[in-house]
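Chain by chain, the residues run as shown.
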Amino acid sequence: ASAIDLDEATRTVTADSSGKTVVLTPEQVKRGKRLFNTTCGACHTGGITKTNPNVGLDPEALSLATPRRDSIEALVDFLKNPTTYDGLESIAEIHPSIKSADIYPRMRSITDEDLSSIAGHILLQPKIVAEKWG
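The notes below deal with the structure included here.

**Some remarks on the overall build of the protein**
The helix and strand tally for the protein stands at four helices and two strands. The linear arrangement of helices and strands in the protein, starting from the amino end, is β-β-α-α-α-α. Counting only C-alpha atoms, the protein reaches 40 × 30 × 30 Å along its principal axes. Expressed as a percentage of the 134 residues in the protein, the buried residues total 41%. By sequence separation, contacts in the protein at least 24 residues apart represent 48% of the contacts at least 6 residues apart. Carbon and sulfur atoms make up 54% of the accessible area of the protein, which amounts to about 7,700 Å² in all. Put simply, the protein has 15 plus and 18 minus side-chain charges, and the middle of one group is 5 Å from the middle of the other.

See the structure below:
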């Protein structure tokens with residue numbers, strides 16, 4: 001389905017930990033897909049994690065992380081300063097992030113708006129892909 005075909009209910013995702021929602025614009029949907037595929041897709045095709053198959057990008061896995069990663073705000077926080085699934089250690093040295101842009105050059109040009117679009121893509125996928133996401 002193209003971004004323009006997705007109705008408002010489908011494009012509604014969780015914005016923050018309070019449960020507030022936001023409706024992604026068709027432009028954000030397209031941008032998020034493009035950025036995810038070019039920046040994250042090598043390791044996260046289809047919402048899996050090639051380097052750790054036990055941790056996917058599906059809604060359940062995101063909600064069980066510490067801290068929870070099932071909102072735009074929480075995913076943007078992770079992409080700026082990634083931590084282990086239990087939240088105890090930084091993984092910036094091995095996961096591309098804003099914090100580790102010196103070793104992941106592709107992250108240098110990523111803006112907060114880009115991060116939000118990527119996060120929106122991750123949260124939207126389980127609602128629109130026919131096969132399992134994550």
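So, next bit.
**Some points on the packing of helix H3 (residues 72–80) against helix H4 (residues 112–128)**
Geometry of a packed helix pair, given as the angle between the helix axes and the separation of the axes. Remark: H3 packs on H4, axes separated minimally by 9 Å, with the N-to-C direction vectors making an angle of 120°. With respect to each other, H3 and H4 are oriented oblique. Considering how the two elements wind past one another, H3 and H4 form a crossing that is right-handed. Along the contact surface, H3 presents Ile72, Leu75, Val76, Leu79 and Lys80, while H4 presents Asp112, Leu115, Ser116, Ile118, Ala119, Gly120, Ile122 and Leu123. Residue composition of the contact of H3 with H4, by class: nine nonpolar, two polar and two charged.

**Quick look at helix H1 (residues 26–44)**
For an α-helix the count is 3.6 residues per turn, leaving residues at separations of three or four pointing the same way. A rise of 1.5 Å per residue sets the reference length of H1, with its 19 residues, at 27 Å; its end C-alpha atoms lie only 22 Å apart and thus fall more than 12% short of the reference. Threonine 38 marks where H1 bends most, by close to 55°. The inward-facing, buried residues of H1 contact H4. Just downstream of H1, glycine 46 is the residue with a positive phi angle, here 70°.

**Considering the nonpolar core**
Ranked by size, the top nonpolar core spans 25 residues in total, and within it Phe36, Ile72, Ile118 and Ile122 carry the most contacts. Mapped by element, the contributors of at least two residues to this core are H1, H3 and H4. No other element matches H4, which puts six residues into this core. Those residues within four positions of phenylalanine 36 in sequence are excluded, and the remaining contacts are Gly41, His44, Leu57, Ile118, His121, Ile122 and Trp133.

Procedures and definitions
- Residues numbered from 1 in each chain as written.
- Predicted model: local features only at pLDDT ≥ 70, side-chain atom pairs only at ≥ 80, totals over all residues.
- Heavy atoms only, no water.
- Helix = DSSP H or I, 4+ residues; strand = E, 2+ residues; numbered from the N terminus.
- Buried < 20%, exposed > 50% of the residue type's maximum accessible area, 1.4 Å probe, protein only.
- Contact = heavy atoms within 4.5 Å.
- Areas by Shrake-Rupley, 256 points an atom, 1.4 Å probe, with all protein chains shown as cover.
- Lys, Arg positive; Asp, Glu negative; His and termini not counted.
- Charge placed at Lys NZ, Arg CZ, Asp CG, Glu CD.
- Axes fitted to C-alpha atoms, helices over the stretch in contact; angles between N-to-C directions.
- Parallel < 35°, antiparallel > 145°, perpendicular 65-115°, else oblique.
- Left-handed = near helix turned anticlockwise from the far one by under 90°.
- Nonpolar A, V, L, I, M, F, W, Y, C, P; charged D, E, K, R; others polar.
- Expected span 1.5 Å × (residues − 1).
- Bend = angle between axes of the 7 residues up to and from the residue.
- Core = buried A, V, L, I, M, F, W, Y, C linked by side-chain atoms within 4.5 Å.

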